[in-house]
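# Understanding the architecture of this molecule
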Amino acid sequence: MRLEKLPAEMAKRLSELECPDFTTRPWVAGAPLAERRVAIVSSAGLVVRGDKVFRGRDADYRAIPGTTQPNDLLCSHISINFDRNGFQEDRNVVFPLDRLNELAAEGRIGSVAATHYSFMGATDPVQMVDGAREVARKLTADHVDAVLLTSV
Amino acid sequence: MSALGHYLEEEGIATVAIALIRPQAEHTRPPRALWVPFELGRPIGPPSDPVFQKRVILTALRMLVEGGGPVRIGDFPDDDPREALDPDWHAPTNSPPSAGWGLGAPLAAAVEAELRALAPAYAASCVARERSTVGLSGLPPAECGAYLAAWLRGERPPSPVEGMSPGLALRFAIDDLKAFMLEAALTPGTRPSSRQLGDWLWDRTVLGAGLQVLRRTILAGDDERLKAVAAFFVPALRVASGG
């Protein structure tokens, strides 16, 4: 987002939003991209139709199977101050599963995870630690070694 | 989002975040982030543009195999081409300016009539896109409209959704109705910008006018729980003057 396109007050609020102050600097290297298994982890409050929608600032997460059909993906993010038209037209704007599948078919990445995950991005990140570690264990069990994080 | 990257990387999984707000990534200092200049809500860029989307994704994923860590923030150079207005897109309805409406039966009836009028366009759009994002409340659009209409008449109806408070059901019903309207406006073959669609919804529909009135009325009341919900009816950039 080019913040200069927003009213000054909103741009200031977004740029000064409180962020966690981490003391560690983790950095994981790995195999070439063509050998990586990639998952999407989104903070867009995505849910599979019929699953429990995010209410407010829930700190837990939802699993999104790679077989989820486009009609079954909903966005329950609490904020109304971001565009939803793009997602309504094409889920890949927020959840680029079709693009990852194409990149895997083209050999640009190794493979695509069996399951992807979503959090509610408006939640205090510190509250998400337990959920994030649980997601990490599930991703590891699925042999995922690369995560594309998408926010809104 | 950048914080999630930190947590996952600590558990041994390499991550790259698509960051829409660069200062937030700078403050959180995730292992890797690609800042993109697109509007909020569009981390991968333009809808229905697989070539552009793949460029964004690959630019991000390549950071996984490049050095430069343990904190690296890159910049995607190109703007979203879908920010441009589409001169071939036309609004599906044109209602009177929003200023004249107040809570009451006429507004409620007008909102429900507008929803009925747009139902064929919504159905055609769903067929063309093979999907809908309506569904958060669990109610079909007409029932969402009926529930909202009761509020617009000044009533305090019980929740029509088991397990949801009246306020929460109202919030999700409104989310569904906004999705219904905006999807109805996605005329197959056109490429409207979010600004075009937003200008229509908030300046030229009865629903937009009704949500402004309902928000203003609830925020002027003394029900704190309901006021917390009403804050999520109208985007900050669309709140009418005096609202």
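Residues numbered from 1 in each chain as written. Chains lettered and ligands numbered in written order. Predicted model: local features only at pLDDT ≥ 70, side-chain atom pairs only at ≥ 80, totals over all residues.

This part takes up the overall build of chain A. Scanning chain A for helices and strands turns up 4 helices and 7 strands. Written out in order from the N terminus, the α and β elements of chain A read α-β-β-β-β-α-α-β-β-α-β. In terms of C-alpha radius of gyration, chain A reaches 16 Å, essentially the compact-globule figure of 15 Å for 152 residues. The burial tally for chain A puts 44% of its 152 residues in the buried class. Looking at chain A alone, contacts between residues at least 24 apart form 74% of all its contacts between residues at least 6 apart. (Helix = DSSP H or I, 4+ residues; strand = E, 2+ residues; numbered from the N terminus. Rg over C-alpha atoms; globule rule 2.2 N^0.38 Å. Buried ≥ 20, exposed ≤ 12 C-beta atoms within 10 Å, placed from the backbone. Contact = placed C-beta atoms within 7 Å.)

Below, the discussion takes up the overall build of chain B. Across its full length, chain B carries 9 helices and 3 strands. Along chain B, from the amino end to the carboxyl end, the secondary structure elements read α-β-α-β-α-β-α-α-α-α-α-α. Along the first, second and third principal axes, the C-alpha set of chain B runs to 65 × 45 × 35 Å. Counting only residues that meet the buried cut, chain B has 47% of its 243 residues in that class. Counting only contacts in chain B whose residues sit at least 6 apart along the sequence, the fraction spanning at least 24 positions is 66%.

Counting buried positions along strand S1 (residues 15-19) of chain B gives 5 out of 5 residues, so the element sits mostly inside the fold. A two-sided burial pattern is seen for S1 of chain B, the buried positions comprising Thr 15, Ala 17 and Ala 19 of chain B on one face and Val 16 and Ile 18 of chain B on the other. Bridge analysis of strand S7 (residues 146-150) of chain A against S1 of chain B gives 4 bridges, and the strand direction is parallel. The residue of S1 of chain B that forms the bridge with Thr 150 of chain A is Ile 18 of chain B. (Pairing = 2+ DSSP bridges.)

In this section: the interface of chain A and chain B. The interface is formed by 68 residues belonging to chain A together with 66 residues belonging to chain B. Contributing elements (two or more residues each) for the side of chain A that touches chain B: helix H1 (8-15), strand S1 (37-42), strand S4 (73-75), helix H2 (85-89), helix H3 (97-105), helix H4 (129-141) and S7 of chain A. Each residue belonging to the side of chain A that touches chain B can be placed in one class, and the counts come to 40 nonpolar, 15 polar and 13 charged. (Nonpolar A, V, L, I, M, F, W, Y, C, P; charged D, E, K, R; others polar.)

Averaged over all residues, the pLDDT of chain B is 94; the fraction at 70 or higher stands at 97%. Interface scoring of the predicted complex returns ipTM 0.96; its pTM is 0.95. (pLDDT = per-residue confidence, 0-100.)

All right, on to the environment of Asp 199 of chain B then. Within the secondary structure layout, Asp 199 of chain B lies in helix H7 (residues 194-203). Residues Asp 199 of chain B and Ala 91 of chain B, spaced 108 residues apart in sequence, show a C-alpha to C-alpha distance of 9.7 Å.

Time to look at helix H5 (residues 141-152) of chain B. Residue and element names in this part refer to chain B. Its 12 residues place the ends of H5 16 Å apart at the C-alpha level, agreeing with the 16 Å of an ideal helix rising 1.5 Å per residue. Listed in full, the buried residues belonging to H5 are Pro 141, Cys 144, Gly 145, Tyr 147, Leu 148, Ala 149, Trp 151 and Leu 152. If you follow the buried residues of H5, they end up packed against helix H4 (105-129), helix H6 (166-184) and helix H8 (206-219). Immediately downstream of H5, the backbone of Gly 154 shows phi near 90°, a positive value. (Expected span 1.5 Å × (residues − 1).)

With that settled, consider the pairing of strand S3 (residues 62-65) of chain A. Residues and elements named next belong to chain A. Side chains of S3 alternate between two faces, with Arg 62 and Ile 64 buried and Ala 63 and Pro 65 left unburied. With 4 bridges joining them, S3 and strand S6 (residues 115-118) adopt antiparallel strand pairing. Bridged to Ile 64 within S6 is His 116.

Grouped together as the largest cluster of nonpolar side chains are 108 residues, with contacts concentrated most on Val 147 of chain A together with Val 16, Val 111, Leu 148 and Ala 173 of chain B. Sequence-distant contacts of Leu 148 of chain B, defined by excluding residues within four places in its chain, comprise Val 111, Ala 173, Ile 174 and Leu 177 of chain B. (Core = buried A, V, L, I, M, F, W, Y, C linked by C-beta atoms within 7 Å.)

Attention now goes to the environment of Gly 56 of chain A. By the element assignment, Gly 56 of chain A lies in the loop between strand S2 (46-48) and S3. The sequence separation of Gly 56 of chain A and Pro 20 of chain A amounts to 36 residues, and the corresponding C-alpha distance is 20 Å.

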